[in-house]
Amino acid sequence: MSGLKIAVCIKPVPSPDQYHRVGIDPRTKTLVREGIPTVINPLDKNALEAALQIREKCGGTVAAISMAPPAAEENLREALAMGADEAYLLSDRAFAGSDTLATSMVLAAAVKKLGPVDLVLTGNESADGGTAQVSAQLGEWLGYPHLMHACGLEVMEDGFIRVDTAREDCRVAYRVKLPAVVSVVRTINKPRFTSLMGVIAAGKKPLSVWTSGDLPVDENFLGLEGSPTKAGDIYQPDLSRRCELLEGSAGEIAGAVLQKLRAAGLQL
Amino acid sequence: MDGKNGLWVIVERSANGFRKVALELLSRGRDLAGRLGEVSGSRPGVWAVVTGPGSAPGTEELYRYGADEVLMVCHPLLEEHRTDLHAAVLADLIRERSPGIVLFGATAWGSEVAPTVAARVKTGLAAHCADLRIDGRGLLVQCVPAFGGKVLGEILCPDRRPQMASVRPGVFQAVPGDAPAGEPLVVRPELDDDDRIKVLEVQRREITGKPLEEAEVVIAGGWGVGSRENWQLLEELAGLLGAAVGCTRPALDEGWTEGEHTMIGTSGKTVRPKVYLGFGISGATHHVVGMKDSGLVISVNTNPNAEIFQFSDFKVVADARAVAEALIAELKAGKTS
Ligand SMILES: Cc1cc2nc3c(=O)[nH]c(=O)nc-3n(C[C@H](O)[C@H](O)[C@H](O)COP(=O)(O)OP(=O)(O)OC[C@H]3O[C@@H](n4cnc5c(N)ncnc54)[C@H](O)[C@@H]3O)c2cc1C
Ligand SMILES: Nc1ncnc2c1ncn2[C@@H]1O[C@H](COP(=O)(O)O)[C@@H](O)[C@H]1O
């Protein structure tokens, strides 16, 4: 099939390997995430990689889209450096406080504005919120068929793709008519590293910023006001336990461990 | 009974009955409905809503675990893997019957159906709840993990209905009651298909090990286990203890384990065995979230300051292999003597 126009949704998130540093200010009851860098959501790199592989095979273009504060320009530049052709930053105060329904509405508006898109790829879930809801909801706003948990993706005969999905106890392969929305899991590929050439090229690629006024948004579902869900209190669960030390030779330790297991009610 | 304001649990069918998470949600639903009755003066009925190609056997189980009513939604096109069609009929039913609360299991199936339904009926959905309760106003308080579980946040859906939430398997406990079984209500919705989504093939995976969620003892291994040979020792130990083996992500990535379905944590399973015995695991939040509700926690790590020790009842500061070997020797000696 001739070139596909692919949009990839990129969410900037606080670097997931530093979540041990996330906390809550006991006085203000607000989130503390100081000094944790913002990166592209790991699975979104898999989505971008999948898009780039399709482009390499079939031609076409890849657009990276992000709904985020202005600083996300840096993350979109990284997507361009990885190989995306163009980037769109959807940034407006009116988008603040969006839940997944409101977020997916804005992303859908951007996809519509891009013109006829063949395929929208997302990560299966974001590392910070981890709702795994945006992709299916984006599909619904667009009225496209959508699938999650994609671990394989292949362009088929004109107008269709094959999507392999991973479930608990099976793999299910689907044929899906384009345009479609597909979210990918970690096993689908290994995202490429950005090369220096890529970084240089990225500087010259188009990056547009769209505000609410530029997009065909549904005012009823805009931002905090339009989000059906509202955030309440946040807290940090205390999971600490007593942690007694078991000491001795390996044999003595093994004996002590087994004794604890028996005390816990196991028949050994 | 039209189910108005009812509390619905969407039941996913499996090859041999219903997924256990549905029973867990029915039990929790029974408690939530009771609490709603106290707060608002009228207790909503708990509905188990089952979608599928034909009616399902074994519905007594649904009543036993908390359902007041069972709604069986049948259509030949509602084959298991057509999540799009399941979502379509559920959204229609929700519009028609206006339940107050709808709960889903966050399995692969549920986590695809739930957001689709929520987008169709334009309501809120809280993902992967760690807890659900009813507040003084009778609203469902949905407690969701963020940042891999490091932080919990409460989510409310004050205006739109239904209030919807998804919950991972293993978060709540399935508690049987002695309510009598009733007669399921069967509905046969209209449903069309087109060529947009078609199932090409289904490859079942044979899972040999004991299911992690059902095991009384879980042996978990992390990157510190060090090698595939050492991993075999964990498997052997598990065999002797009748335990299931779970892993962290680095161990999965090393290829030591049976596969993705044995990973414990944020993006894997939630386990709450009687005993959790961990080897070479650092204690990253992403993993701890999945094992924190275990009964007894014993951890083996060479680093005396390993984070995991904070979440453990007992710690062993030693080499994973040495401790596993000693345990195997001790158990074998016990068996022969
Ligand atoms: C979005 C996201 C989701 C994730 N989801 C999950 C998830 O669901 N589950 C999960 O587990 N991880 C998940 N992770 C990864 C997680 O953040 C951690 O990286 C992972 O849990 C660490 O695994 P580990 O403890 O095996 O490895 P490490 O952190 O490398 O720890 C190895 C430990 O072994 C100890 N050790 C070394 N040698 C020995 C020895 N000879 N004997 C005994 N101990 C030894 C070390 O002291 C160390 O504490 C996720 C990450 C991200 C970004
Ligand atoms: N603000 C956003 N901007 C762009 N893409 C997003 C945004 N939020 C979510 N996504 C996409 O939706 C996927 C699932 O996110 P979530 O539902 O938040 O877990 C992510 O992996 C992204 O691809």
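Located above this text is the structure these notes cover.
Conventions used here
Positions within a chain are numbered from 1, following the residues in the order the chain's sequence is written. Note on labels: chains are lettered from A, ligands numbered from 1, in written order. A pLDDT threshold of at least 70 governs which residues receive local features in this predicted model, and a stricter bar of 80 or more applies before side-chain atom pairs are shown or counted, although totals over entire chains, interfaces and linings include all residues. Hydrogens and waters are ignored; side-chain quantities use all the structure's heavy atoms. Segments assigned H or I by DSSP are reported as helices when at least four residues long, segments assigned E as strands when at least two residues long, and all are numbered from the N terminus. Each residue is placed in one exposure class: buried if its accessible area under a 1.4 Å probe, protein chains only, is under 20% of its type's maximum, exposed if it is over 50%, and partly exposed if it falls in between. Working rule for contacts: check all heavy atoms of both residues, and any pair within 4.5 Å makes them a contact. Where accessible areas are quoted, they stem from the Shrake-Rupley method and a 1.4 Å probe; at the residue level, only the protein chains shown are allowed to cover. Counting rule for charge: Lys and Arg are taken as positive, Asp and Glu as negative, and neither His nor the chain ends is counted. One atom stands in for each charge, and that atom is NZ of Lys, CZ of Arg, CG of Asp or CD of Glu. Only a single heavy atom is needed: when it lies within 4 Å of a molecule or strand, its residue is near that molecule or strand. Contacts described as polar in this section are N or O atom pairs within 3.5 Å, which, within protein, must combine one atom able to donate a hydrogen with one able to accept it, while residues neighboring in sequence count only if both atoms come from side chains. Amino acids outside the nonpolar list (Ala, Val, Leu, Ile, Met, Phe, Trp, Tyr, Cys, Pro) and the charged list (Asp, Glu, Lys, Arg) are all regarded as polar, and Gly is one of them. Accessible area, probed at 1.4 Å, shrinks when two parts are joined; the buried area is that loss added up over both. For salt bridges, the criterion is a side-chain nitrogen of Lys or Arg within 4 Å of an Asp or Glu carboxyl oxygen. When DSSP finds two or more bridges between two strands, those strands count as paired. Axis definition: a line fitted to C-alpha atoms, over the contacting stretch in the case of helices. Angles run 0 to 180 degrees between N-to-C directions. Only residues whose relative accessible area exceeds 30% and that take part in no salt bridge are eligible for patches, with like-charged residues grouped when within 9 Å of each other and nonpolar side chains (Val, Leu, Ile, Met, Phe, Trp, Tyr) grouped when within 5 Å. For our purposes a nonpolar core is just a set of buried Ala, Val, Leu, Ile, Met, Phe, Trp, Tyr and Cys residues, chained together by side-chain atoms within 4.5 Å.

Asks: Pulling in residues and values, what's your account of the overall build of chain B?
Replies: Across its full length, chain B holds 8 helices and 18 strands. Within the span of chain B, comprising 337 residues, buried residues form 59% of the whole. A separation of at least 24 residues holds for 63% of the contacts in chain B among residues at least 6 apart in sequence. Surface accessibility of chain B: about 13,300 Å² in total, with carbon and sulfur atoms responsible for 48%. Here chain B carries 36 positive and 44 negative side-chain charges, and the mean point of each set is 3 Å from the other.

Asks: Outline the site of ligand 1, supporting the account with residue identities and numerical values.
Replies: Inspection of the region around ligand 1 gives 26 residues, with B:Trp223, B:Thr248, B:Ser267, B:Ser282 and B:Asp319 positioned closest. Near ligand 1, residues from chains A and B are present, making the site a shared one. Within the backbone of B:Trp223, an N or O atom sits 2.7 Å from an oxygen atom of ligand 1. Side-chain polar atom of B:Asp319 to a nitrogen atom of ligand 1: 2.7 Å apart, as the coordinates give it. Here ligand 1 loses 78% of its free accessible area of 990 Å² to cover by the protein chains. Taken together, the elements giving at least two residues each to the shell around ligand 1 come down to α6 (249-253) and α7 (285-288) of chain B. Classifying every residue of the shell around ligand 1 gives 10 nonpolar, 14 polar and 2 charged.

Asks: If you had to explain the site of ligand 2 to someone new, which residues and values would you point to?
Replies: All names here are of chain A. Residues in contact with ligand 2 amount to 20 residues; listed here are only the nearest, Cys 9, Asp 44, Ser 126, Thr 131 and Ala 132. Take Cys 9: an N or O atom from its main chain is 2.8 Å from an oxygen atom of ligand 2. Gly 123 has a polar backbone atom sitting 3.0 Å from an oxygen atom of ligand 2. Considering ligand 2 on its own, with 480 Å² of exposed area, one finds that the protein chains cover 97% of that surface. Sorting the residues of the shell around ligand 2 by element identifies β6 (60-67), α3 (100-113) and β8 (119-123) as the ones contributing at least two each. The dominant element in the shell around ligand 2, judged by the number of residues it contributes, is β6, at 3 residues. For the shell around ligand 2, a count of residues per class yields 7 nonpolar, 10 polar and 3 charged.

Asks: Go over the interface of chain B and chain A with me, naming the residues and quoting the values.
Replies: Contacts between chain B and chain A engage 83 residues on the former and 77 residues on the latter. Carbon and sulfur atoms supply 61% of the area buried between chain B and chain A, which totals about 7,100 Å² over both sides. Of all residues in chain B, B:Phe147, B:Arg196 and B:Phe314 give up the largest surface area on contact with chain A, accounting jointly for 10% of the area buried on that side. Along the contact surface separating chain B from chain A lie 9 salt bridges. Between B:Arg19 and A:Asp169 there is a salt bridge, and its shortest N-O distance comes to 3.7 Å. At the surface where chain B touches chain A, the tally comes to 33 residue pairs in polar contact (both at pLDDT 80 or more). The greatest single-element share of the side of chain B that touches chain A, amounting to 9 residues, is contributed by helix α4 (residues 108-121) of chain B. Relative to strand β13 (residues 197-204) of chain B, strand β11 (residues 170-177) of chain A runs antiparallel, the two sharing 7 bridges.

Asks: Please set out the sheet that holds strand β8 (residues 131-134) of chain B residue by residue, giving values where relevant.
Replies: Taken in spatial order, the 4 strands make up an open sheet running β14(A)-β10(B)-β9(B)-β8(B), and their pairing is antiparallel. Strands at the two margins of the open sheet, each flanked by one partner only, are β14 (230-235) of chain A together with β8 of chain B. Here the average twist between neighbouring strands, direction ignored, is 30°. Across 4 bridges, β8(B) lies against strand β9 (residues 140-146) of chain B in antiparallel orientation. Paired with B:Ile134 across the bridge in β9(B) is B:Leu140.

Asks: Give a detailed account of a nonpolar patch on the surface, specifying residues and quantitative values.
Replies: On the surface, a cluster of nonpolar side chains totalling about 310 Å² of accessible area is made up of A:Leu196, A:Val199 and A:Ile200. Counting through the fold element by element, A:Val199 comes out in helix α5 (residues 196-202).

Asks: How would you explain the sheet that holds strand β1 (residues 4-9) of chain A if you had to name every residue and give the values?
Replies: If you trace the 10 strands from one edge of the open sheet to the other, you get β13(A)-β7(A)-β6(A)-β1(A)-β8(A)-β12(A)-β9(A)-β10(A)-β11(A)-β13(B), paired in mixed fashion. The two strands at the open ends of the sheet, each matched to only one other strand, are β13 (207-210) of chain A together with β13 of chain B. This sheet shows a mean twist of 30° between the axes of neighbouring strands, independent of strand direction. Note: strand β7 (residues 86-90) of chain A against β13(A), 4 bridges, orientation parallel. By the bridge assignment for β13(A), A:Leu89 is matched with A:Val209. Taken strand by strand, helix α2 (residues 73-82) of chain A contacts β6, β7 and β13 of chain A, and its axis lies near 160° from that of β7(A).

Asks: So, the nonpolar core: which residues are in play, and what are the values?
Replies: By size, the foremost hydrophobic cluster in this structure holds 43 residues, and its most contacted members are A:Ile6, A:Val8, A:Leu121 and A:Leu153. With 7 residues, the top contributor of residues to this core is helix α1 (residues 42-58) of chain A. Core analysis: the next-biggest nonpolar cluster, separate from the first, contains 39 residues, A:Leu266, B:Ala243, B:Val316 and B:Leu331 among them.

Asks: Would you mind going over the pattern of salt bridges in detail, with residue names and values included?
Replies: In the structure shown here, the tally under the stated rule is 36 salt bridges over all chains. Between A:Arg192 and A:Glu56 there is a salt bridge; the shortest N-O distance is 2.7 Å. Residue A:Arg192 is located in the loop between β12 (180-184) and α5, and its partner A:Glu56 is located in helix α1; the two are separated by 136 residues in the primary sequence. Classification of A:Arg192 as partly exposed rests on a relative accessible area of 26%. Here the salt bridges share partners, and the residues they tie into one network are A:Asp169, B:Glu12, B:Arg19, B:Glu80 and B:Arg204.

Asks: Could you give me a rundown of unusual backbone geometry, with the residues and numbers involved?
Replies: Most peptide bonds are trans, and most residues other than glycine sit at a negative phi. Residue A:Pro179 is reached from A:Leu178 by a cis peptide bond, and omega for that bond is 0°. Here A:Pro179 is to be found in the loop between β11 and β12. Note that the residue after B:Arg161, namely B:Pro162, is joined by a cis bond; omega there is -5°. Looking at where B:Pro162 falls in the secondary structure, it is placed in the loop between β10 (151-156) and β11 (163-167). At A:Cys243, a residue that is not glycine, the phi angle is positive and equals roughly 55°. Residues other than glycine seldom take positive phi values, yet B:Phe147 does so here, at roughly 50°. Summarising the element assignment, B:Phe147 is placed in the loop between β9 and β10.

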